[in-house]
Amino acid sequence: MKRFRNSICIATLLITTMVTGCNDGKGAPAKTETPVAAPAQQTLTLQKGALSQLVKLPAQLASFEEVSIFPKVNGYVKEVFVDVGSQVHKGQTLMTLEAPELEQASTQAKERYARAKLDYTISAENYRRMAKAAETPGAVSPMNLAGLKAKADADSTLVNAEKANWDMQQAILGYLKVTAPFNGTITERNVHPGALVSAEGKDGKPMLHLGQMDHLRLQVDIPEGIAAGLQDKDTIRFFLSAYPGRKFTGHVTRRSGLVNSQFRAERMELDVYNKDGKLAPGMYADVLFYSKGNTEAFTVPRTAIVTSTERKYVIAIRDGKTVRVDVATGNESADKTEITGDLRPGENILAHASDETPEGTAVK
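For clarity, every value in this text was computed on a predicted model and none was experimentally measured.

On to the pattern of salt bridges, then. Overall, the coordinates contain 19 salt bridges when judged by the stated rule. Here Arg255 makes a salt bridge to Glu266, at a shortest N to O gap of 3.2 Å. On the criterion of sequence distance, the pair formed by Arg255 in strand S13 (residues 247–259) and Glu266 in strand S14 (residues 265–273) is long-range, its members being 11 residues apart. The partly exposed category is assigned to Arg255, whose relative accessible area is 31%. Note that Arg311 and Asp326 form a salt bridge whose closest N and O atoms lie 2.7 Å from each other. Placement of Arg311 in the loop between strand S17 (306–307) and strand S18 (312–318) and of Asp326 in strand S19 (residues 321–332) is noted, with a sequence separation of 15 residues between them.

Across the chain, the average pLDDT comes to 84, with 88% of residues at or above 70. pLDDT under 50 marks residues 1–39. Its contacts with residues more than four places away, or in other chains, come to 0 contacts.

Moving on to the sheet that holds strand S7 (residues 177–179). Read from one edge of the open sheet, 4 strands run S7-S6-S4-S9, paired in antiparallel fashion. Taken across any chain shown, the strands that pair with only one partner, and hence form the sheet edges, are S7 and strand S9 (196–197). In terms of strand pairing, strand S4 (residues 75–80) meets S9 through 2 bridges, oriented antiparallel. Bridging from a neighbouring strand, Tyr76 pairs with Leu196 of S9.

A separate point is unusual backbone geometry. Backbone geometry at Arg264 places phi at a positive 55°, although glycine is not the residue there. Mapped onto the elements of the fold, Arg264 is located in the loop between S13 and S14. When its relative accessible area of 41% is taken as the criterion, Arg264 is described as partly exposed. The backbone of Asp319 shows a phi angle near 55°, a positive value even though the residue is not glycine. Its place among the elements puts Asp319 in the loop between S18 and S19.

Before going further, it helps to spend a moment on the side chain of Thr337. Its place among the elements puts Thr337 in strand S20 (residues 336–341). Contacts of Thr337, omitting those with residues within four sequence positions, involve Leu51, Phe298, Thr299, Val300, Arg302, Ile305, Thr329, Gly330, Asn331 and Glu332.

In this section: the packing of helix H2 (residues 100–133) against helix H3 (residues 142–174). Where H2 contacts H3, the axes come no closer than 8 Å and their chain directions differ by 160°. As far as their axial angle goes, H3 and H2 are roughly antiparallel. As H2 runs across H3, the sense of the crossing is left-handed. Looking at the contact of H2 with H3, its residues break down into 18 nonpolar, 7 polar and 10 charged.

Once that is clear, we can look at the pairing of strand S6 (residues 93–98). When S4 meets S6, the two strands line up antiparallel, connected through 4 bridges. Directly across from Tyr76, in S6, lies its bridge partner Glu98. In the sheet, S6 pairs with S7 via 3 bridges, with the strands oriented antiparallel. For Met95, the partnering residue across the bridge sits in S7 and is Val178.

What follows concerns the environment of Thr93. For Thr93, the location among the structural elements is in strand S6. Sequence-wise, Thr93 and Val178 are 85 residues apart; in three dimensions their C-alpha atoms are separated by 5.8 Å. Once residues lying within four places of it in the same chain are set aside, the contact partners of Thr93 are Phe81, Lys177, Val178 and Thr179.

Time to look at the nonpolar core. Leu218, Ile222 and Phe289 are the most contacted members of the largest nonpolar core, which has 24 residues in total. The next biggest cluster of nonpolar side chains, apart from the first, holds 21 residues, and it includes Ile69, Val82, Ala180 and Val191.

Right, let's get into the sheet that holds S13. Taken in spatial order, the 6 strands close into a barrel running S2-S11-S14-S13-S12-S15, and their pairing is antiparallel. For this sheet, the mean angle separating the axes of adjacent strands, direction not counted, is 40°. Inspection of the sheet shows strand S11 (residues 215–223) paired to S14 by 9 bridges, in the antiparallel sense. Considered in S14, the bridge of Leu216 is made with Val272.

Analysis parameters
Residues numbered from 1 in each chain as written. Predicted model: local features only at pLDDT ≥ 70, side-chain atom pairs only at ≥ 80, totals over all residues. Heavy atoms only, no water. Salt bridge = Lys/Arg side-chain N within 4 Å of Asp/Glu carboxyl O. Helix = DSSP H or I, 4+ residues; strand = E, 2+ residues; numbered from the N terminus. Buried < 20%, exposed > 50% of the residue type's maximum accessible area, 1.4 Å probe, protein only. pLDDT = per-residue confidence, 0-100. Contact = heavy atoms within 4.5 Å. Pairing = 2+ DSSP bridges. Axes fitted to C-alpha atoms, helices over the stretch in contact; angles between N-to-C directions. Parallel < 35°, antiparallel > 145°, perpendicular 65-115°, else oblique. Left-handed = near helix turned anticlockwise from the far one by under 90°. Nonpolar A, V, L, I, M, F, W, Y, C, P; charged D, E, K, R; others polar. Core = buried A, V, L, I, M, F, W, Y, C linked by side-chain atoms within 4.5 Å.

Put into structure tokens, the structure is as follows:
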């Protein structure tokens, strides 16, 4: 009897197992899932503060003054008194040209001027004498006297015109002597005696090139975000690839005041005095200086800024929801960046922003 009961129990257990295994799930009690809480967003509070940064930028030395010397008139090179490397002073004769046709034109202008002066002398004397005779009533016709005066005035005008023409021809002859416009060094020479030179400059090459060497300009393009923090007379260090390890210093002397639309940078210049002549225009330099930063900017971790192809922004928390706020970046360090935009001190932003965070997301 006991064995029979055990058999019934085993059979019942097997049937229950088979029914449960074949159940398609209909009518089964619904499983309950425990909701997972969204991860908390880490925020930070904005505070104003400048971020100093060591900036390294490329620069180049240039002559303080330089000029390419082209002929002002057509002619032949007669003599050249300088060569590459010649030290010259202002007003020094560098070369002379010859142009026979210009000399002939000047001679003709001089002769016309002399003839005009002679004609005026005669007409003026005739008018003076007739005016004297006209003091006797009826001796000279008023019409004749007026005609003589008009002739004298016309000859006087012609004298002035011929004198101006002669002066112009003399000035053109002066172009045959080429002089230095300032103290400097001849850095290029492209002509020799006998060469034909043209005022039109068809070949595009100058006769000579003159540059000032004892006084140079260090030209550097400063990004607009950094340029705003630089002031006149700020000290800047620079290193030249031609003199490894040697440090030079200069001061901000001139700034263009114009931001290049392509590179978003402002051209600045430093005066560099080269009394020993070791420096040369065209030398490449690395400029180093500390950017003091923008005291009106906010300093935030780099992770708080989202950069896309179209914009840079941070995600602010306003009324408990996320808002994307466009920003401009300034100085940067290894982990922090200056930002400016429509932000207020004390406002909270996400410390780890992502473009996957949509606007309007509730944040506790």
